[in-house]
Amino acid sequence: MAVYSDSMLQKIFAKSPTFDLNKRVFGKPVTISGGAISCNERNLKSKGKIAVKAAAEAGVMGLKNYEVNLDLGFDVVAERELREKGFLGMRKTKLVCTIGPACCSLEDLERLAMRGMNVARLNMCHNTREWHRDVIGKIKKLNEEKGFSVSVMIDTEGSLIHVVDHGVPSSLKAEEGSVWVFTAQKFEGSRPFTVQANYQGFSEGIMVGDELVIDGGMARFEVVEKMGDDLHCKCTDPGLFLPRAKLSFWRDGKLSYHGLPTLSTKDWADVDFGISEGVDFIAMSFVNDADSVKDLKNHLFAKSSKSIRVLAKIETLESLQKLEEIVEASDGIMVARGDLGVEVPLEQIPTVQEDITRLCRQMNKPVIIASQLLESMVEYPTPTRAEVADVSEAVRQYADALMLSGESAIGLHGQKALSVLQMASSRMELWSREENRQSSISNHQLGSSLSDCIAEEICSCAVQMANNLGVDAIFVYTKHGEMASLLSCNRPYPPIFAFTSDSDARMALNLQWGVIPILVDLADDMEANISKTIDLMRTNGMVKEGEAVLVVSDLTATRATSTIFQSIQVKIIV
Ligand SMILES: Nc1ncnc2c1ncn2[C@@H]1O[C@H](COP(=O)(O)OP(=O)(O)O)[C@@H](O)[C@H]1O
Ligand SMILES: C=C(OP(=O)(O)O)C(=O)O
Ligand SMILES: [K+]
Ligand SMILES: [Mg+2]
């Protein structure tokens, strides 16, 4: 295969003023062979295709019978990982980073992407929409120009009663017996023994004798007097008010609900912002039931041209009681341990986490474990041993993804924290596999239709077969990502390369355990797709002679009989 130099290509494309060679390939020249032009879709895009066509039509280099072959839409990080570590060395657990002032420059974002960030999370609680828009723009620019594939998630603020952060001083100490005023009235700076709540109606329904708990137990107060809408509270358990400390009220050991909607007016505006920015995921804070998830999904279905996935954050007591219906209604779950720990005793969090993680896997929904994974790294360059153990435990439980919050958003060592997640997850994945601790899930039937059941059985058998045969990789050809996620939920030893022609499905699969999504043009002829992608992988040196690939496909449709064949094949690379 001839590889042409930049100057040759300049000549080829000289006829097309629309084509910018600089945007072409990251160090990889376009290759031309036997009258066929292969180019990389993400670099050439439509302009490039037009240029190639124009060049061929103009008879440049005698290319009369041109054919444009699109290269694999592989992301540069997965590609590098595969080259360096081989199939089995590829990390399965996905990584989410919260973007904040400490990591929002183009260079910082690129470094996070290089270190394996699969999803960038923007917490709409903080900063302005302009700031968030700027970050989203930078991520999309990196994806387009540098070949990354980082998905974007926005996380709603939600309705929560918290202390208004006046900036100074950053934390207040409450001594035992001291009496504090909690008010919704605005004031500037700080006032002695006075705390401003963010929500006007925060004291509605609260009575003298109720208990006020700060951040799930950071400090406790008893309501001793109600003056208008203000509460006078005596500290019964001393502690700290951190910035934006959460307030919860308890009566006779039971939480008092404030009845605020899951999505506030501001949240709906943020959702529309997410739609206009083309984000991939919306994480919904303080979900209490399936209806709020359905409402948001309906809104997105009506308003968004792309398919935006909704993740429900489990962070209230009420959501735990309706867990199954919430998981069912959403496209994925976040175990938001920060706020969950405000309403649920801390000693219950580990078991709750494991239960949610298992349920999500049974119901085939991706699950993210979030908050305080490496909290000490906000300040220190190394994590505590306990933090590494916590991260490893989440990986052992087979969570799909791990998330950094303050560690990346405001921390001094965000890049290093991401590397710690990366190394700890790779290590635990290897151990689970080598020690044969990989657990399968008990037969679960998700779908009710025959075709759903067939797809589930095919995927579960395919994974068993892949593990037993010790194949190097699983290739799946999938339209909306469903087959890829069914394979993922069986947690196979080899990585799952998911070839899809749907870019929304590609970005959504970034959150799924063990899946490497690849954007390709898929033809109706499945055999042609399979041989084309395997050929391309081989040409690029990504699969080698003797390696075995298990191929799962469900796209082959013969129009005459309108049959969909689902098949499992094993291909040995020759
Ligand atoms: N976009 C942002 N702009 C400024 N600060 C941010 C941003 N995102 C996160 N942070 C900071 O990082 C901390 C941790 O992030 P996160 O866990 O998402 O929020 P929270 O602490 O509100 O739950 C926040 O408390 C906030 O100080
Ligand atoms: C992830 C969480 O949500 P947020 O950071 O938005 O409070 C959490 O509470 O753990
Ligand atoms: K939030
Ligand atoms: Mg939260």
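The rules behind these values
Residues numbered from 1 in each chain as written. Chains lettered and ligands numbered in written order. Predicted model: local features only at pLDDT ≥ 70, side-chain atom pairs only at ≥ 80, totals over all residues. Heavy atoms only, no water. Near = heavy atom within 4 Å. Polar contact = N/O pair within 3.5 Å; in protein donor to acceptor, adjacent residues only side chain to side chain. Helix = DSSP H or I, 4+ residues; strand = E, 2+ residues; numbered from the N terminus. Nonpolar A, V, L, I, M, F, W, Y, C, P; charged D, E, K, R; others polar. Buried < 20%, exposed > 50% of the residue type's maximum accessible area, 1.4 Å probe, protein only. Lys, Arg positive; Asp, Glu negative; His and termini not counted. Salt bridge = Lys/Arg side-chain N within 4 Å of Asp/Glu carboxyl O. Contact = heavy atoms within 4.5 Å. pLDDT = per-residue confidence, 0-100. Expected span 1.5 Å × (residues − 1). Areas by Shrake-Rupley, 256 points an atom, 1.4 Å probe, with all protein chains shown as cover. Core = buried A, V, L, I, M, F, W, Y, C linked by side-chain atoms within 4.5 Å.

Caption draft 1: Region of the structure containing the site of ligand 2. The local shell around ligand 2 consists of Arg-121, Asn-123, Lys-313, Glu-315, Met-334, Ala-336, Arg-337, Gly-338, Asp-339 and Ser-371. One nitrogen or oxygen atom from the side chain of Asn-123 is found 3.5 Å from an oxygen atom belonging to ligand 2. Among the secondary structure elements, those contributing two or more residues to the shell around ligand 2 are strand S6 (119-123), strand S19 (332-336) and helix H10 (337-343). No other element matches H10, which puts 3 residues into the shell around ligand 2. A per-class count over the shell around ligand 2 returns 2 nonpolar, 3 polar and 5 charged.

Caption draft 2: Structural context of the side chain of Asp-267. Note on placement: Asp-267 falls in helix H6 (residues 265-277). No salt bridge is formed by the buried Asp-267; the nearest opposite charge belongs to Lys-266, separated by 5.2 Å. Residues in contact with Asp-267, not counting those within four places in the same chain, are Thr-156, Glu-157, Gly-158, Ser-159 and Thr-262.

Caption draft 3: Summary view of the confidence of the model for the protein chain. On average, residues of the protein chain score 86 in pLDDT, and 84% of them reach the 70 mark or higher. A low-confidence stretch, residues 1-5 (pLDDT under 50), is modelled with 13 contacts involving residues beyond four sequence positions or located in other chains. Confidence drops under a pLDDT of 50 for residues 15-50, and excluding neighbours within four residues, the segment shows 85 contacts in the predicted structure. Interface scoring of the predicted complex returns ipTM 0.99; its pTM is 0.87.

Caption draft 4: Representation of helix H11 (residues 349-362) within the structure. With 14 residues, H11 extends 20 Å from end C-alpha to end C-alpha; this agrees with the ideal 20 Å at 1.5 Å per step. Of all the residues in H11, the buried ones are Ile-349, Val-352, Gln-353, Ile-356, Thr-357, Leu-359, Cys-360 and Arg-361. In the stretch just after H11, Asn-364 is the one whose phi turns positive, near 55°.

Caption draft 5: Quick peek at the pattern of salt bridges. A full pass over the atoms with the stated rule returns 27 salt bridges. Measuring nitrogen to oxygen at the nearest pair gives 2.8 Å for the salt bridge that ties Arg-337 to Asp-390. A residue pair is termed long-range when its members are at least 10 positions apart, and Arg-337 in helix H10 and Asp-390 in helix H12 (residues 385-396) qualify at 53 residues. The partner of Lys-571 in a salt bridge is Glu-527, with the nearest N and O atoms 3.9 Å apart. Note that Lys-571 is positioned in strand S26 (residues 563-572) and Glu-527 in helix H18 (residues 526-539), a separation of 44 residues in sequence. Through salt bridges that share partners, Arg-121, Asp-155, Lys-313 and Glu-315 make up one connected network.

Caption draft 6: Structural detail: the site of ligand 1. Around ligand 1, a shell composed of 14 residues is seen, among which Arg-121, Asn-123, His-126, Asn-127 and Trp-131 lie nearest. Residue Arg-121 places a side-chain N or O atom 2.8 Å away from an oxygen atom belonging to ligand 1. Taking 520 Å² as the accessible area of ligand 1 by itself, protein coverage stands at 73%. Going through the elements one at a time, S6, helix H5 (129-146) and helix H13 (406-409) are the ones with two or more residues in the shell around ligand 1. Residues belonging to the shell around ligand 1 are distributed by class as follows: 5 nonpolar, 8 polar and 1 charged.

Caption draft 7: Expanded view of helix H3 (residues 76-85). When we look at burial in H3, the residues that qualify are Val-77, Ala-78, Glu-79, Glu-81 and Leu-82. In this fold, the buried residues of H3 make contact with helix H4 (106-114), strand S23 (496-500) and strand S24 (515-519). Its side-chain oxygen at 3.1 Å from the backbone nitrogen of Val-77, Asp-75 defines the N-terminal cap of H3.

Caption draft 8: Geometry of the nonpolar core. The biggest cluster of nonpolar side chains holds 69 residues, and the ones touching the most others in it are Ile-99, Ile-333, Ile-356, Leu-374 and Leu-402. Considering every element that reaches this core, the biggest residue donor is helix H14 (residues 414-434), with 6 residues. Beyond its immediate stretch of four places on either side in the chain, Ile-356 contacts Ile-314, Leu-320, Leu-323, Ile-333, Val-335 and Val-367.

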